[in-house]
Structures are given as C-alpha cells and as structure tokens.
Amino acid sequence: MAEDPESSLQLPPSTAAEGEGPTEGSPETVTPEPPSSAAVSPGTEEPVGDTKKKIDILLKAVGDTPIMKTKKWAVERTRTIQGLIDFIKKFLKLVASEQLFIYVNQSFAPSPDQEVGTLYECFGSDGKLVLHYCKSQAWG
Amino acid sequence: MGRWLKRSVRGARIRRVEGKERGKYCGHYPIGLLFDLLASSSALPWNITVHFKSFPEKDLLHCPSKDVIEAHFMSCVKEADALKHKSQVINEMQKKDHKQLWMGLQNDRFDQFWAINRKLMEYPAEENGFRYIPFRIYQTTTERPFIQKLFRPVAPDGQLHTLGDLLKEVCPSAVAPEDGEKKNQVMIHGIEPMLETPLQWLSEHLSYPDNFLHISIIPQPTD
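Thresholds applied
Residues numbered from 1 in each chain as written. Chains lettered and ligands numbered in written order. Predicted model: local features only at pLDDT ≥ 70, side-chain atom pairs only at ≥ 80, totals over all residues. Heavy atoms only, no water. Buried < 20%, exposed > 50% of the residue type's maximum accessible area, 1.4 Å probe, protein only. Helix = DSSP H or I, 4+ residues; strand = E, 2+ residues; numbered from the N terminus. Arc of directions from axis to C-beta. Contact = heavy atoms within 4.5 Å. Polar contact = N/O pair within 3.5 Å; in protein donor to acceptor, adjacent residues only side chain to side chain. Axes fitted to C-alpha atoms, helices over the stretch in contact; angles between N-to-C directions. Parallel < 35°, antiparallel > 145°, perpendicular 65-115°, else oblique. Nonpolar A, V, L, I, M, F, W, Y, C, P; charged D, E, K, R; others polar. Core = buried A, V, L, I, M, F, W, Y, C linked by side-chain atoms within 4.5 Å. Domains from an automatic or database assignment. Pairing = 2+ DSSP bridges. Salt bridge = Lys/Arg side-chain N within 4 Å of Asp/Glu carboxyl O. Phe/Tyr/Trp six-rings, centres within 6.5 Å; stacked < 30°, edge-to-face > 60°. Lys NZ or Arg CZ within 6 Å of the ring centre and 35° of its normal. UniProt positions renumbered as here; feature names shortened; annotations may be inferred.

### Observations concerning helix α6 (residues 110–120) of chain B
Residues and elements named next belong to chain B.
Now for step 1: Buried residues of α6: Phe113, Ile116, Asn117 and Leu120, and no others. Looking straight down α6, one finds that the buried residues subtend no more than 100° of arc, so they occupy a single side.
Now for step 2: In this structure, the buried residues of α6 make contact with α3 (66–85), α4 (88–92) and α5 (95–106).

### Description of the side chain of aspartate 210 of chain B
Residue and element names in this part refer to chain B.
Now for step 1: Within the secondary structure, aspartate 210 is located in the loop between α8 (199–205) and β3 (213–219).
Now for step 2: Residue classification places aspartate 210 among the buried residues on the basis of a relative accessible area of 2%.
Now for step 3: Side-chain polar atoms of aspartate 210 contact the backbone nitrogen of phenylalanine 212, separated by 3.0 Å.
Now for step 4: A polar contact is formed between the side chain of aspartate 210 and the side chain of histidine 214, at a distance of 2.9 Å.

### Section: the packing of α3 of chain B against α6 of chain B
Residue and element names in this part refer to chain B.
Now for step 1: The contact between α3 and α6 brings their axes to 11 Å, and the two run at 30°. As the angle between them shows, α3 and α6 are arranged roughly parallel. Residues Phe73, Val77, Asp81, Lys84 and His85 of α3 form the contact with α6, whose own contacting residues are Phe113, Lys119 and Leu120.
Now for step 2: Tallied by class, the residues present in the contact of α3 with α6 amount to 4 nonpolar, 1 polar and 3 charged.

### Considering the nonpolar core
Now for step 1: With 33 residues, the main nonpolar core has Ile57, Leu59, Met68, Leu84, Ile88 and Phe123 of chain A as its most contacted residues.
Now for step 2: At the level of elements, β2 (54–61), β3 (72–76), α1 (81–91), β4 (101–104), α2 (116–123) and β5 (128–134) of chain A together with α3 of chain B are the ones that each hand at least two residues to this core.
Now for step 3: In this structure, this core is formed jointly by two domains, domain 2 (66–122) and domain 3 (127–219) of chain B, each of which donates at least three residues.
Now for step 4: With residues up to four places along the chain from it excluded, the contact list for isoleucine 57 of chain A reads Lys71, Lys72, Trp73, Val75, Leu84, Val116, Leu129 and Leu131 of chain A.
Now for step 5: Within the second largest apolar cluster, 22 residues are counted, among which are Met121, Phe130, Val170 and Ala174 of chain B.

### A short note on the sheet that holds strand β1 (residues 135–139) of chain B
Residue and element names in this part refer to chain B.
Now for step 1: Pairing is mixed across the open sheet formed by 3 strands, whose spatial order is β1-β3-β2. Looking along the sheet, the strands with just one partner apiece sit at the ends: β1 and β2 (184–187). Neighbour-to-neighbour, the strand axes of the sheet open up by a mean angle of 20°, direction not taken into account.
Now for step 2: The pairing of β2 with β3 spans 4 bridges and is antiparallel. Bridge assignment links valine 186 to a residue of β3, and that residue is isoleucine 217.

### Here's the deal with the pattern of salt bridges
Now for step 1: One pass over the structure, following the stated rule, counts 8 salt bridges over all chains.
Now for step 2: The residue lysine 135 of chain A makes a salt bridge to glutamate 98 of chain A at a minimum N-O spacing of 3.4 Å. Here lysine 135 of chain A, found in the segment after β5, pairs with glutamate 98 of chain A, found in the loop between α1 and β4; they are 37 residues apart in sequence, far enough to count as distant.
Now for step 3: Overall, lysine 135 of chain A belongs to the partly exposed group, its relative accessible area being 35%.
Now for step 4: Judged by relative accessible area, glutamate 98 of chain A falls into the partly exposed class, the value being 26%.
Now for step 5: Note that lysine 99 of chain B and glutamate 70 of chain B form a salt bridge whose closest N and O atoms lie 3.0 Å from each other. Of this pair, lysine 99 of chain B sits in helix α5 while glutamate 70 of chain B sits in helix α3, and the two are 29 residues apart along the sequence.
Now for step 6: Judged by its relative accessible area of 41%, lysine 99 of chain B is partly exposed.

### A look at the packing of aromatic side chains
All names here are of chain B.
Now for step 1: One pass over the structure, following the stated rule, counts 10 aromatic pairs over all chains.
Now for step 2: The interplanar angle of 40° and the centroid separation of 6.3 Å between the aromatic rings of phenylalanine 110 and tryptophan 114 together place this pair among those described as tilted. With a gap of 4 residues between them, phenylalanine 110 and tryptophan 114 both fall in helix α6, about one helical turn apart.
Now for step 3: On the basis of relative accessible area, phenylalanine 110 is assigned to the exposed category, the value being 59%.
Now for step 4: Between phenylalanine 113 and tryptophan 114 the ring centres are 6.0 Å apart and the planes differ by 85°, which places this aromatic pair in the edge-to-face class.
Now for step 5: Assessed through its relative accessible area of 7%, phenylalanine 113 is described here as buried.
Now for step 6: Between lysine 84 and the ring centre of phenylalanine 130, over which it is positioned, the NZ or CZ distance is 4.6 Å.
Now for step 7: Sitting over the face of the ring of phenylalanine 212, arginine 136 holds its NZ or CZ atom 4.3 Å from the ring centroid.

### Regarding the side chain of serine 203 of chain B
Now for step 1: Looking at the secondary structure, you find serine 203 of chain B in helix α8.
Now for step 2: Setting aside anything within four residues of it in sequence, one finds serine 203 of chain B in contact with Met121, Phe130, Ile133, Pro134 and Leu213 of chain B.

### Details of the UniProt feature "domain: Autophagy protein ATG5 alpha-helical bundle region" (unreviewed entry) in chain B
Now for step 1: Taking the UniProt record as the reference, the feature "domain: Autophagy protein ATG5 alpha-helical bundle region" (unreviewed entry) is found at residues 67–122 of chain B.
Now for step 2: The distance separating the terminal C-alpha atoms of residues 67–122 of chain B is 28 Å; by composition the span is 84% helix and 0% strand.

### What about the environment of phenylalanine 135 of chain B?
Residue and element names in this part refer to chain B.
Now for step 1: Secondary-structure assignment places phenylalanine 135 in strand β1.
Now for step 2: Judged by its relative accessible area of 0%, phenylalanine 135 falls in the buried class.
Now for step 3: Sequence-wise, phenylalanine 135 and proline 156 are 21 residues apart; in three dimensions their C-alpha atoms are separated by 20 Å.
Now for step 4: Excluding anything up to four places from it in sequence, phenylalanine 135 contacts Ile147, Gln148, Lys149, Phe151, Leu166, Val170, Phe212 and Leu213.

The structure is reproduced here in structure tokens:
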C-alpha cells in the first residue's frame, strides 16, 4: 500500500534541533485535526487540552528558494516561528548563516517568538496555516 | 542610555531589559508594556539595567541594528492591518508611506506619524468598525507569551463589543465574578480603562504605534 507523500509528518521535537544529525521524524499517517474556530466568529474558550493538539502547516517556497519535498506538517501549537525556521533550514540543508524568512498571508513576517498556534487561530483557513518561506525578503 | 530613558512615549523600543521581578524580557516589546507588566507599582522614571555585552543568545532574540527593529515594527503594523482590513489599507500605501510611519515614530514626530496612521484607523462607512481587533493580552502568571485571537468589534446585532466582552471571551480568569473581589488590574498604557469601554474605540485611540492593543493583566496590588 503506497504511503501518501503529503500526509502530515510530525515535526521533530525542538530539543532535537541543535547539534544532532538530520532527523525528519518517523513517517506517520496522522489524521488531520478538524479545523478549529479559525477565521470564524469569536471562538468559545478553548477546551482544556486543546493546546496539546497539533495544527497543520502548509509550507510554500517563494522564488528560487528550494522546495521542500514534504510540504505539509503537523506541528505543536507552541512551536515558535524561529523553531520552524531552524527546522526548514536544516531540512533544506541551508548553512546556518543563510537567512530564511517566513510570511503569513503573503504580507507580513511574524516575529520569531510568535507561536504557530496563535497564527493558526488568527490566519488559518480550511483547517491549516499556509506559510511562505524565502531566502530573501519577499514582502518587505 | 539617557536617550532611551527620555522616551516616556510608550511606543519606544529597547534592546533588553531586566526587571526586578523577572530576569530577562523580550527586547522588542514596547517599553510601556514592559513597565505595566513588570514594574507598574514603581515610581517614574523607571530604573532599568541596559546590558551592552553578554547577550543571552539562547533566551532572547538578537537585535543587531535599527533595521531589524524597523522590520519588526512594520511587520506588526502589517499584521494588525491584516486583522483590521484584510491588509487592504497597508497594501494600498506606497513604500514611502511605510517609511514615514517608521520615521515619525523614530523621531517622535507626532504629526508625521499620524498623517499615515490615521488611514490605518479608518473603516468603511457601512461598517461599524474594523474586521477584527488587533490585541495581545499579557500575563506574568502564565507560560504563554500572550493571548491573541480573532475578535470582532461589533456583535451580529450591531452592538459594540466592550473590553469586558473581550476578556470574558478570551481570558475569563482575568475578570472577577459579578459579586467577587477584584483580583486583577487590566492595564493599557498604565491606566485601567473601564471594562464598558467599546473595544473599537480602544483600538482607534489607545493602540500602540504598532497598531496593537497591548493589554497587561497584573495582580491587584495590595495596599
């Protein structure tokens, strides 16, 4: 049975990021989470344990930035943008000194300490958060 | 150092701050927010320690140049407009307008800043306010950096949502029960606005220069 190449893979835990060999996480077929109250009316208070759920992120390359083989990832809500940047750089085998920019809505670059869960709540749609990444400043 | 302390304007940004209560704080938070969150019971001027060496690389974001601060500021403004206007207003502006916004803030030029910022505070005549309100709620008692969610300024029946409505929805622990004792202060720019204040009004008049309402929830000081 062929594995769906677009299935959500688990992002390796952030503790595995520094100083370790490239780990891409074990391929797992994860059932996508049902869309939260993103982009609809003010949501009700999150049920306890909601912060533990992962959110789906779709990564899109801009310009001549290398395209990731796996674009769809299930990520913990508390993962920061900086953590995501570090991961993509490792995945694409970029040098640490090379810059990588991440954009939401193709319009703004969230601050590196921002949590992806918050971005998903505010700017997610169709059950996922679309992020564009680029080696240069694409949208200022 | 003196130059930064002269900035009693709450929109000022500082590289790294050590408060008495907490070790280190994000260097890109507005200084007024940091004061409300960490030291609101202190007398002004606020004594802070500014470090120029031994940057804690692992804990904090690096802030190597004014360009980085400018880029971060503009990103916040863009994010706020994404919420308020689906980015339509900020995208219609020219690069020089963005630059004027930053230069007005950097040089304390109120008129220069507001010539551009007023456009970000407008909304279509047929609406009663922005699409969503840009806000962030900070609490020293939780792990999360801040709460930010989608919240409309106007209810479906046309009533304006208030600050109290916002808190009840996204941070109910901050609001005291009807007959309960007031446990927290809800602070913006060092003052406690009445919870009945319409959120739309607060967003237009009490936002920081980055167009966000930065709201601090701090324990009620004991006399």
